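# Summary of structural features
So you can see what is in the structure, the chains are spelled out below.
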Amino acid sequence: MAENTHTHWTEDNDLLSEYVLGRLPAERVKRLEVHLQTCSVCQEAVRHEQVLASGVRRHARGELKARLGTMLRDRAARRDQWATWQRALAVAALVVIVFGVGLLEGWFGVGRRGVFPSLSEGPHGEPSAVTPLDSSKALKEQAPQAQTMGEKTPSRTETHAAERAPAQRVSDEAATPRQLLEPKSDRNAQPAGAPANLAIEQEKKKVTEKDLGRIADEGLSKPYAPALWVAGEELTSVPALRDKSRPDEKLLMRAEQAMQQQGAGATRDMPQKIDLASGKRFEFRQATTEMLPRSRHRFEESQPLQIQTLFRRTNHGTDVTIYLDTLLNDTELQSGQVTRVARDSIVVVFKSMRLGYKLPADFLDSVMGVK
Amino acid sequence: MSPRLFFLNEDARILDMIRRGDEQALVTLHEANRKMVAAFIARNNGTHDDYEDLLQEALVILWERVRSGRYEHAAKISTFLFATVRNIWMRRLAKAKREIPSDMTLDESPDPEHSVLDTMIEEEEALAVQKALDHIGEQCKKLLTLFYWEEYSTQEIANQMGFANADTVKSKKYQCKKALEKALKQTAERYG
């Protein structure tokens, strides 16, 4: 920028600005300042320009500070909001975790005994030979093992399920043998389930999944199975209420006829635990449902009208442990009569109740002889 | 589209953001340095409000220096900010006649040729200019800000604001200065 020829160099507005902003070369500044030392007009002009520049800078700084303050406040607000969301998410996650653990542990009354399979236990705490495993699959597919007492091995029909008298469990205070014989109007129809053989076959498959069950499974494929869990059903015992057209009633009548043929007196004289036809010995035991192994509880809960029973082969015959809250007295228990009414069905007759079971034919063959 | 730049360190990235006019850089610097500054101010008779104001002022000074090309990146940005905060705080303490911690000294001695009265007069006049700027229109305000604060050249201003050339900017600047002086005069007449 050429130095102007005016008396006062500060009249050149651009030169003045450049000087105030310090953009002029040192040599030129020196020459201009020589004039400034003696010219009050230029001194005032320089001072005015400096004030102007200072004011503009202050204004710009103030606006930048204001914008910065707004940005920082917005950021703090977003941070607080995010912190609130984080706290809410943490609480929600904690609730989900607690709920999940509670479900697994059965705190809320559902999913009892856990979702995962547990070790099976025998009736007295020892590992059992047979253990149904997958609860959901078992609940859906596990049909009551004791099915309609049919001459062949029919699939359980809904008609039979509706008509069959379910097994009864009553409290110790309320139960009497007489009550067991009385029909209950609130007996629910048995849910239609898989065919009997299918249920038993599924039971066999579940056995293979457990080390101890593997032995039973191998046994089931062969004539002699060491142990078997079966769900029995109480059959109608009141003659007045019998419907002779029903297949299970026919089986019951057949059992009674078989007993009568043997003679009442002969029955009393004969060892009471021996199957009348095969002469095989049955040893009956009873336990309350509280003593059921954990693995059987879900069956007991899903099929409350059925009686969980463990059949176990021994050297001297077959131990039958009936899990029933209504205790039979010892005399009655030991007086149980077992009659094979079909290839895969037996009826166990006590004084106050009659229980029907559907078992694999080969198992029955092994304990009672081939029919 | 400009190629993406990769920076060797955070300071370089921040400085590039400032040069591009990205004010988020100041927010980032504030977050990174607030604890250090807060601790310093608290140790030296300051309050929370003091630290916030000081840090923002230091950030503005940094912005000004970088944008005008007068910033020398000789040390870390946090070092510059801390030194700036320290200087501003010392001057404020001296002004308010608060107790100055013994381990602190003023880095800048006052100009002996410039009296306190002159300083006060200049500050008042600058404050008047600051207020008058709100009455001259946004375009003039922006032009003068780019020229005096960000120290853009006239050609740069022409490019930034869309003027035809540097001469047009010079002419416009002269008009804006006249408008500012007029606003100053009116303000002075209004308030005596």
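Below or above, wherever it landed, is the structure these notes cover. (Residues numbered from 1 in each chain as written. Chains lettered and ligands numbered in written order. Predicted model: local features only at pLDDT ≥ 70, side-chain atom pairs only at ≥ 80, totals over all residues. Heavy atoms only, no water.)

Among the surface-exposed residues, L94, I97, V98, F99, V101, W107 and F108 of chain A lie close enough to one another that they form a single nonpolar patch of about 720 Å² accessible area. Inspection of the secondary structure assignment puts F108 of chain A in the loop between α3 (40–105) and α4 (135–141). (Patch = residues over 30% accessible without salt bridge, like charges linked within 9 Å, V, L, I, M, F, W, Y side chains within 5 Å. Areas by Shrake-Rupley, 256 points an atom, 1.4 Å probe, with all protein chains shown as cover. Salt bridge = Lys/Arg side-chain N within 4 Å of Asp/Glu carboxyl O. Helix = DSSP H or I, 4+ residues; strand = E, 2+ residues; numbered from the N terminus.)

Take the state of the cysteines next. Tallying each qualifying case throughout the model produces one disulfide over all chains. The disulfide partner of C140 of chain B is C176 of chain B, and the S-S distance across this bridge is 2.1 Å. Across the S-S bond of C140 of chain B and C176 of chain B the torsion is about -75 degrees, and the bridge reads as left-handed. In this pair, C140 of chain B sits in helix α6 (residues 138–149) while C176 of chain B sits in helix α8 (residues 166–191), placing the two residues 36 residues apart along the sequence. Neither C140 of chain B nor C176 of chain B differs from the other in exposure class; each is buried. Lacking any disulfide linkage, C39 of chain A is separated from the closest cysteine sulfur, that of C42 of chain A, by 3.4 Å. With a relative accessible area of 6%, C39 of chain A lands in the buried category. (Disulfide = S-S within 2.5 Å. Buried < 20%, exposed > 50% of the residue type's maximum accessible area, 1.4 Å probe, protein only.)

What follows is about the packing of aromatic side chains. Taken as a whole and judged by the stated rule, the model has nine aromatic pairs over all chains. Taking the centre distance of 5.3 Å and the plane angle of 70 degrees together, the rings of F284 of chain A and F350 of chain A count as edge-to-face. Placement of the pair is F284 of chain A in strand β2 (residues 282–287) and F350 of chain A in the loop between β6 (345–349) and β7 (354–358), with a sequence separation of 66 residues. There is no split in this pair, since F284 of chain A and F350 of chain A are both buried. Relative to Y148 of chain B, the ring of F147 of chain B lies with its centre 5.0 Å away and its plane at 85 degrees, an arrangement referred to as edge-to-face. A residue is classified by how much of its surface remains accessible, and Y148 of chain B, at 0% relative accessible area, is buried. Each member of the aromatic cluster is reached from another via a ring pair, and the members are F282, F284 and F350 of chain A. Over the ring of F147 of chain B we find R23 of chain A, and its NZ or CZ is 5.1 Å from the ring centre. (Phe/Tyr/Trp six-rings, centres within 6.5 Å; stacked < 30°, edge-to-face > 60°. Lys NZ or Arg CZ within 6 Å of the ring centre and 35° of its normal.)

Membership of the largest hydrophobic core comes to 37 residues, with the highest contact counts inside it found for W9 and Y19 of chain A together with L144, Y148, I157 and L180 of chain B. Put simply, the parts of the chain that give this core at least two residues each are α1 (13–20), α2 (26–36) and α3 of chain A together with α5 (116–132), α6, α7 (154–161) and α8 of chain B. Those residues in contact with I157 of chain B that lie beyond four places of it in its chain are L143, L146, F147, Y152, G162, F163 and V169 of chain B. Counting 34 residues, the second-largest nonpolar core is a separate cluster that includes M71 of chain A together with I18, V27 and W89 of chain B. (Core = buried A, V, L, I, M, F, W, Y, C linked by side-chain atoms within 4.5 Å. Contact = heavy atoms within 4.5 Å.)

A few words now on the sheet that holds strand β1 (residues 227–235) of chain A. All names here are of chain A. Pairing within the open sheet is mixed, and its seven strands lie in the order β2-β4-β3-β1-β7-β6-β5. Each edge of the open sheet carries a strand with a single partner, namely β2 and β5 (337–342). Strand-to-strand, the axes of this sheet are offset by a mean angle of 30 degrees, without reference to chain direction. Sheet analysis places β6 next to β7, joined by five bridges and oriented antiparallel. Paired with V347 across the strands is G356, a residue of β7. Each of β1, β2, β3 (307–313), β4 (318–323), β5 and β6 is contacted by helix α13 (residues 361–368), which is oriented at about 135 degrees to β5, the strand it contacts most. (Pairing = 2+ DSSP bridges. Axes fitted to C-alpha atoms, helices over the stretch in contact; angles between N-to-C directions.)

The next point concerns the interface of chain B and chain A. At the interface, 37 residues of chain B touch 30 residues of chain A. Together chain B and chain A conceal approximately 3300 Å² of surface at their shared face, both sides included; 61% is due to carbon and sulfur atoms. Applying the counting criterion to the chain B and chain A interface returns eleven salt bridges. Of the charged contacts, one joins R57 of chain A and E151 of chain B as a salt bridge, the two residues approaching to 3.9 Å between their closest N and O atoms. Elements that contribute at least two residues to the side of chain B that touches chain A include exactly α2 (24–43), α3 (48–68), α5, α6 and α8 of chain B. Counting residues per element, the side of chain B that touches chain A draws most heavily on α3 of chain B, which supplies seven residues. Of the residues belonging to the side of chain B that touches chain A, the class tally is 15 nonpolar, six polar and 16 charged. (Buried area = accessible area lost by both parts, 1.4 Å probe. Nonpolar A, V, L, I, M, F, W, Y, C, P; charged D, E, K, R; others polar.)

This part covers the packing of α2 of chain B against helix α4 (residues 77–96) of chain B. Residues and elements named next belong to chain B. The contact between α2 and α4 brings their axes to 10 Å, and the two run at 40 degrees. In terms of their interaxial angle, α2 and α4 are classed as oblique. Crossing angle aside, the handedness with which α2 passes α4 is right-handed. Along the contact surface, α2 presents L29, N33, M36, V37, F40 and I41, while α4 presents I77, S78, L81, F82, V85, R86 and W89. (Parallel < 35°, antiparallel > 145°, perpendicular 65-115°, else oblique. Left-handed = near helix turned anticlockwise from the far one by under 90°.)

Residues and elements named next belong to chain A. Summarising burial for β4: six of the six residues are buried, a large majority. Where burial is concerned, the two faces of β4 agree: the one with T318, V320 and I322 and the one with D319, T321 and Y323 are both buried. With six bridges joining them, β2 and β4 adopt parallel strand pairing. Bridge assignment links F282 to a residue of β4, and that residue is T318. In this structure, β3 lies alongside β4, joined through five bridges in antiparallel fashion. Paired with L310 across the strands is T321, a residue of β4. In this antiparallel pair of consecutive strands, β3 and β4, the connection spans four residues, and G317 shows a positive phi of 155 degrees.

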